[in-house]
Amino acid sequence: MKFSQLASVLGGKLIGSGDFEVTELAPIDLATPASVTFVLEGQFEKKVAESPALGFICFKALNTDKPVIVVPHPRAAFAQAVAAIYPERIPQWAPGISDRAAIDPSAKLGRDVTVHAGAVIGAGCVIGDEAKILANAVLGRAVLVGDRTVIHPLVSLYDRVQVGSDSIINSGTIVGSDGYGFFPDGMKWGKIPQVGTVIIGDNVEIGANNTIDRGALGNTVIGNGTKIDNQTHIAHNCRIGENCAITSQICFAGGVVLGNHVMVGGHTALNQHISIADNVVIMGNTGVTKSITEPGVMVSGYPAKPHLEQRREYATMQKLIDREKQTIADRRQNKENTEL
Amino acid sequence: MKFSQLASVLGGKLIGSGDFEVTELAPIDLATPASVTFVLEGQFEKKVAESPALGFICFKALNTDKPVIVVPHPRAAFAQAVAAIYPERIPQWAPGISDRAAIDPSAKLGRDVTVHAGAVIGAGCVIGDEAKILANAVLGRAVLVGDRTVIHPLVSLYDRVQVGSDSIINSGTIVGSDGYGFFPDGMKWGKIPQVGTVIIGDNVEIGANNTIDRGALGNTVIGNGTKIDNQTHIAHNCRIGENCAITSQICFAGGVVLGNHVMVGGHTALNQHISIADNVVIMGNTGVTKSITEPGVMVSGYPAKPHLEQRREYATMQKLIDREKQTIADRRQNKENTEL
Amino acid sequence: MKFSQLASVLGGKLIGSGDFEVTELAPIDLATPASVTFVLEGQFEKKVAESPALGFICFKALNTDKPVIVVPHPRAAFAQAVAAIYPERIPQWAPGISDRAAIDPSAKLGRDVTVHAGAVIGAGCVIGDEAKILANAVLGRAVLVGDRTVIHPLVSLYDRVQVGSDSIINSGTIVGSDGYGFFPDGMKWGKIPQVGTVIIGDNVEIGANNTIDRGALGNTVIGNGTKIDNQTHIAHNCRIGENCAITSQICFAGGVVLGNHVMVGGHTALNQHISIADNVVIMGNTGVTKSITEPGVMVSGYPAKPHLEQRREYATMQKLIDREKQTIADRRQNKENTEL
């Protein structure tokens with residue numbers, strides 16, 4: 001694809017000559033003389049002069065002789081350009097229903113459904129149009145999968161789990177296993193049947209090796225548009241809002257309620273039965289012990305506090321430690337002086 | 001089922017009329033005018049008056065005109081009631097042995113064993129009566145599975161792993177992969193063969209996506225009645241006692257020994273080769289660096305300390321920080337006053 | 001095998017009589033009167049006198065009447081001895097290609113490849129000589145697997161992932177799922193196609209239930225000889241050096257660069273886009289927020305600092321807390337005295 005064609009695809013304005021082939025896209029730090037690259041933020045503008053790239057895609061005209069495509073939303077343009085330049089790397093799956101899949105006769109498959117080898121689809125499942133159930137994925141009984149949703153290899157969806165349309169669930173993710181519900185029976189543990197399920201919305205993307213437990217009585221819910229990275233655990237009866245950004249190795253204890261558009265950094269833990277307001281940002285490596293009621297605050301640390309307060313307190317504590325270390329050093333020095 | 005019948009099922013005493021259908025169970029906070037609900041603790045008694053529920057199940061008579069079932073153990077009754085009211089939501093699996101399973105001819109299957117499509121059972125395995133090996137689960141060579149145990153879809157049990165009776169292992173859990181045993185060989189790492197195995201007791205429930213590594217020489221052991229949530233890692237040669245409650249995203253380093261009835265909160269890490277006494281409670285988000293020898297203590301924080309001590313020390317530290325912040329603020333104020 | 005034969009196998013020097021059968025190996029703390037045991041470090045030499053073991057393997061002659069094999073590298077000898085004494089416990093897999101595997105006709109399999117039941121191998125895959133693809137593992141399109149590499153049951157390798165020779169990937173590990181790449185599109189998240197892949201070197205061992213995401217534009221790379229334990233997450237575009245020792249439940253955010261021979265303890269988190277110098281040791285339960293440029297340092301805590309400094313600061317903080325507690329206690333005592 002020529003640079004000029006790329007400008008059309010992106011709906012951008014071309015400045016300079018677009019008459020060369022685009023074969024490689026690269027971030028500005030890794031651009032080579034064969035690359036087209038991106039200036040996604042103003043702070044990177046100063047790297048343009050020294051960049052070996054053939055051309056740039058930016059949100060504004062640049063001070064360079066090289067060709068530039070100006071687009072209103074450079075990150076969206078980046079996503080579009082990647083898809084346009086590397087079409088062969090966008091995942092595709094062989095269509096059709098493998099005769100090595102095991103599909104219960106009572107399951108209902110929509111139009112143009114793909115089912116790969118080793119996939120198992122239980123009684124009463126309903127699979128939407130153009131959905132894809134890939135190799136060795138297992139759907140229990142009465143699982144619902146929406147239109148165009150992709151269930152990757154080796155995913156396990158337990159009985160009655162519901163997944164909306166245009167969603168993606170990656171390999172190794174387990175949805176609908178029993179929540180951790182036991183009651184003390186002397187020194188033993190009695191099991192509380194977990195009779196709820198998990199309901200996942202539309203346009204949800206869930207990464208690899210996550211676990212989302214079914215609700216005890218009610219349901220565990222993942223709202224529309226929410227994106228989850230890898231190895232996150234969502235316990236029974238959590239209700240995650242819409243368009244949340246949830247990264248990896250996060251531990252949601254039971255009954256956590258997240259508003260909409262909440263962002264959670266990796267390796268974080270949230271205490272049970274707490275609520276997090278809309279647009280809150282929880283930084284990585286945080287331990288959230290209490291509900292956060294103020295929308296849009298950014299918190300960090302353990303126990304979680306507003307990030308600026310946490311940093312100030314940390315700095316104060318560091319000052320106290322440094323002063324004490326100095327006091328001890330001074331005292332030792334005085335003692336040595338006295339002894340001389 | 002009528003409320004009066006439910007009273008019989010629970011072995012409880014009915015106060016008031018039991019002549020209505022029970023179609024919905026709900027926690028007291030989520031009860032609707034169609035619900036029967038539970039008063040599991042005295043603190044919830046005050047919610048009875050304003051609850052729209054049709055009837056209550058409680059450990060004592062309640063000050064209400066609505067019907068009440070009085071039971072000696074309300075949590076056990078809760079578990080029983082859930083099973084009685086929602087029988088169709090208790091998992092069931094189609095019986096029989098799928099012709100799409102791959103079972104080595106030398107494997108021995110007990111009476112009424114269920115094996116679903118895609119399950120693979122290796123040479124020399126012994127599967128107990130009424131055990132269930134569900135879709136796409138993989139058992140290596142000489143794996144032992146006890147009577148009535150359920151191995152969920154996509155579980156991997158490596159060679160020679162032993163699982164007792166009446167146990168449950170959920171999807172994505174891996175039992176018996178090699179422990180992390182390497183020795184420095186110059187700047188490279190040499191592998192120490194891991195020739196032990198994993199022995200899991202009876203009445204054990206293990207959630208989704210856990211990993212339990214085989215022992216190096218001896219075995220990794222999970223005691224009878226222990227319940228493990230999701231995404232917990234148990235390294236080689238750990239010995240977990242009986243009736244422990246181990247929640248999610250816990251990292252057990254190698255050789256950790258847990259007594260009986262130990263409880264461990266989520267997102268916690270335990271250092272290698274330490275021992276934890278019976279009945280210890282380790283709260284969530286804790287880092288346990290040393291053995292805990294006193295039975296029954298509750299610990300938290302990093303490094304773990306008795307919880308009350310940890311809280312007191314945290315409060316003291318907070319006081320020091322606050323006082324220092326005040327001192328700095330006062331000094332600034334004084335300086336400003338002086339300058340005026 | 002007789003003790004004298006074991007001496008030959010290990011290339012060691014036998015002191016005393018080697019004329020007895022070796023049937024059990026044990027660590028020195030667990031040795032029984034039937035065991036041969038190891039003295040791997042000088043500090044364990046004092047345990048020899050009271051040990052019931054039949055014989056010892058050590059890096060030097062021991063002050064004992066019992067037979068000893070002296071070897072130059074006792075840990076390497078330990079590994080060799082385990083393999084020699086327990087040959088039946090070293091994993092073996094039935095050879096051949098199962099007719100229950102689903103292998104795309106365009107895949108190229110080398111000499112003596114093993115493919116077990118339920119394994120799925122996609123179009124254009126290339127599998128090296130003597131490689132083993134075990135039960136229900138799934139390889140997407142154009143996956144490369146090197147000679148003698150073992151892909152355990154229920155592993156998912158996405159399209160175009162490359163694994164070198166003599167490597168091992170354990171069950172439940174997912175390689176090549178999309179990196180977490182989204183851009184804000186109003187209050188929604190737009191997806192950035194992840195068109196890189198994952199390249200894993202030779203002699204790499206990866207444990208169970210890890211996730212290694214494919215790169216966004218460039219690749220995610222795991223260097224030769226690196227060993228990874230379980231449940232570790234490696235985000236897109238990380239570049240892990242050679243011979244690193246990476247344990248369990250570690251969260252690598254996007255774009256982390258590790259030098260060679262870096263060691264990382266369990267339950268640790270590393271911030272995005274940071275670099276770690278060669279030979280750095282990151283202790284367990286650490287939160288690394290910034291790059292570490294000095295080779296070979298040992299760091300701990302959150303935020304990570306050099307370990308000795310961290311310990312000193314922790315001790316100083318503890319002293320401040322203890323002093324404040326004492327001050328409060330004294331004040332209370334004074335008050336009581338005054339009131340009397």
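Considerations on the overall build of chain A
Move 1: Tallying secondary structure elements over chain A gives 3 helices and 37 strands in all.
Move 2: Its C-alpha atoms give chain A a radius of gyration of 26 Å, more than 25% over the compact-globule value 20 Å for 340 residues.
Move 3: Expressed along its principal axes, the backbone C-alpha trace of chain A runs to roughly 95 × 80 × 35 Å.
Move 4: In chain A, buried positions account for 56% of the 340 residues.
Move 5: A sequence separation of at least 24 residues applies to 17% of the contacts in chain A between residues at least 6 apart.
Move 6: Counting only carbon and sulfur atoms, one obtains 54% of the accessible surface of chain A, whose full area is about 13900 Å².
Move 7: Between the averaged position of the 30 positive side-chain charges in chain A and that of its 33 negative side-chain charges there is a distance of 5 Å.

A short note on the interface of chain A and chain B
Move 1: Of the residues lining the interface, 55 residues belong to chain A; the matching set on chain B comes to 57 residues.
Move 2: Summed over both sides, the interface of chain A with chain B buries roughly 4400 Å², with 61% coming from carbon and sulfur.
Move 3: Looking only at chain A, the three residues that lose the most surface to chain B are Tyr180, Trp189 and Leu217 of chain A, adding up to 18% of its buried area.
Move 4: Our enumeration of links across chain A and chain B arrives at 3 salt bridges.

Some thoughts on the relation of the copies chain A and chain B
Move 1: Of the transformation placing chain A onto chain B, the axial shift is 0.1 Å and the rotation is 120°, giving an RMSD of 0.1 Å. Expressed as an axis order, the relation between the two copies is that of a three-fold axis.
Move 2: The overlap is low: 18% of the interface residues of chain A also sit at the interface in chain B, so different surfaces are used on the two sides.

So, the interface of chain C and chain A
Move 1: With 56 residues of chain C at the interface, the matching set in chain A holds 56 residues.
Move 2: Interface area for chain C against chain A, summed over the two sides, is near 4400 Å², with a carbon-plus-sulfur share of 61%.
Move 3: By the criterion of area lost to chain A, the three top residues of chain C are Tyr180, Trp189 and Leu217 of chain C, representing 18% of everything that side buries.
Move 4: Lys325 of chain A is the partner of Glu313 of chain C in a salt bridge, and the nearest nitrogen-oxygen pair spans 3.4 Å.
Move 5: Run the count over chain C and chain A and you get 30 residue pairs in polar contact (both at pLDDT 80 or more).

What to know about the packing of helix 1 (residues 3-10) of chain C against helix 2 (residues 74-85) of chain C
All names here are of chain C.
Move 1: At a minimum axis separation of 10 Å, helix 1 and helix 2 run at an interaxial angle of 130°. Classified by the interaxial angle, the pair formed by helix 1 and helix 2 is oblique. The chirality of how helix 1 crosses helix 2 is right-handed. For the pair formed by helix 1 and helix 2, the contact residues are Leu6, Val9 and Leu10 on the first element and Ala77, Gln80, Ala81, Ala84 and Ile85 on the second.

Remarks on helix 3 (residues 307-339) of chain A
Move 1: With 33 residues, helix 3 of chain A should cover 48 Å at 1.5 Å per step; its first-to-last C-alpha distance of 48 Å lies within 8% of that length.
Move 2: Buried within helix 3 of chain A are the following residues: His307, Gln310, Glu313, Thr316, Met317, Gln318, Leu320, Ile321 and Glu324 of chain A.
Move 3: The inward-facing, buried residues of helix 3 of chain A abut strand 36 (298-300) and strand 37 (305-306) of chain A, helix 3 (307-339) of chain B together with strand 37 (305-306) and helix 3 (307-339) of chain C.

A closer look at the sheet that holds strand 2 (residues 25-26) of chain B
All names here are of chain B.
Move 1: Spatially, the 5 strands line up as an open sheet ordered 1-5-4-3-2, and their pairing is mixed. The open sheet has two edge strands, strand 1 (13-15) and strand 2, and neither has a second partner.
Move 2: Across 2 bridges, the pairing between strand 2 and strand 3 (residues 36-39) is parallel. Bridge pairing in strand 3 places Ala26 opposite Thr37.
Move 3: On top of the sheet, helix 2 (residues 74-85) reaches strand 2, strand 3 and strand 4 (55-58); it is set at about 165° to strand 3, its chief contact.

Observations concerning unusual backbone geometry
With glycine set apart, most residues show a phi of negative sign, and most peptide bonds adopt trans.
Move 1: Between Tyr302 of chain A and Pro303 of chain A the backbone carries a cis peptide bond, its omega angle lying at -5°.
Move 2: With respect to the helices and strands, Pro303 of chain A occurs in the loop between strand 36 and strand 37.
Move 3: Phi is positive for Arg160 of chain A, which is not a glycine, with a value near 70°.
Move 4: Residue position: Arg160 of chain A is located in the loop between strand 15 (156-157) and strand 16 (162-163).
Move 5: The phi torsion at His273 of chain B lies on the positive side, around 60°, for a residue other than glycine.
Move 6: Note that His273 of chain B resides in the loop between strand 32 (269-270) and strand 33 (275-276).
Move 7: Judged by relative accessible area, which is 61%, His273 of chain B ranks as exposed.

Points about the domain arrangement of chain A
Move 1: Segmentation of chain A into domains returns domain 1 (3-89) and domain 2 (315-340).
Move 2: Distance from the C-alpha centre of domain 1 of chain A to the C-alpha centre of domain 2 of chain A: 57 Å.

Details of the sheet that holds strand 35 (residues 287-288) of chain B
All names here are of chain B.
Move 1: Pairing in this open sheet of 10 strands is parallel, and the strands run 6-9-12-15-18-23-26-29-32-35 from one edge to the other. Edge positions in the sheet fall to strand 6 (102-103) and strand 35, since each of these pairs with one other strand and no more.
Move 2: Strand direction decides the pairing type here: strand 32 and strand 35, joined by 2 bridges, are parallel. Residue pairing for strand 35: Ala269 is matched across the bridge by Gly287.

Description of the pattern of salt bridges
Move 1: Tallying each qualifying case throughout the model produces 42 salt bridges over all chains.
Move 2: A salt bridge links Arg111 of chain A to Glu130 of chain A; the shortest N-O distance between them is 3.5 Å. Highlighted residues: Arg111 of chain A in the loop between strand 7 (108-109) and strand 8 (114-115) and Glu130 of chain A in the loop between strand 10 (126-127) and strand 11 (132-133), separated in sequence by 19 residues.
Move 3: With a relative accessible area of 46%, Arg111 of chain A lands in the partly exposed category.
Move 4: Look at Glu130 of chain A and you get partly exposed, because its relative accessible area is 30%.
Move 5: The partner of Arg75 of chain B in a salt bridge is Glu41 of chain B, and the shortest N-O contact between them spans 2.7 Å. In this pair, Arg75 of chain B is assigned in helix 2 and Glu41 of chain B in the loop between strand 3 and strand 4, connecting sequence segments 34 residues apart.
Move 6: With a relative accessible area of 31%, Arg75 of chain B lands in the partly exposed category.

Quick notes on the rules
Residues numbered from 1 in each chain as written. Chains lettered and ligands numbered in written order. Predicted model: local features only at pLDDT ≥ 70, side-chain atom pairs only at ≥ 80, totals over all residues. Heavy atoms only, no water. Helix = DSSP H or I, 4+ residues; strand = E, 2+ residues; numbered from the N terminus. Rg over C-alpha atoms; globule rule 2.2 N^0.38 Å. Buried < 20%, exposed > 50% of the residue type's maximum accessible area, 1.4 Å probe, protein only. Contact = heavy atoms within 4.5 Å. Areas by Shrake-Rupley, 256 points an atom, 1.4 Å probe, with all protein chains shown as cover. Lys, Arg positive; Asp, Glu negative; His and termini not counted. Charge placed at Lys NZ, Arg CZ, Asp CG, Glu CD. Buried area = accessible area lost by both parts, 1.4 Å probe. Salt bridge = Lys/Arg side-chain N within 4 Å of Asp/Glu carboxyl O. Least-squares fit on C-alpha atoms with pLDDT ≥ 70 in both. Polar contact = N/O pair within 3.5 Å; in protein donor to acceptor, adjacent residues only side chain to side chain. Axes fitted to C-alpha atoms, helices over the stretch in contact; angles between N-to-C directions. Parallel < 35°, antiparallel > 145°, perpendicular 65-115°, else oblique. Left-handed = near helix turned anticlockwise from the far one by under 90°. Expected span 1.5 Å × (residues − 1). Pairing = 2+ DSSP bridges. Domains from an automatic or database assignment.

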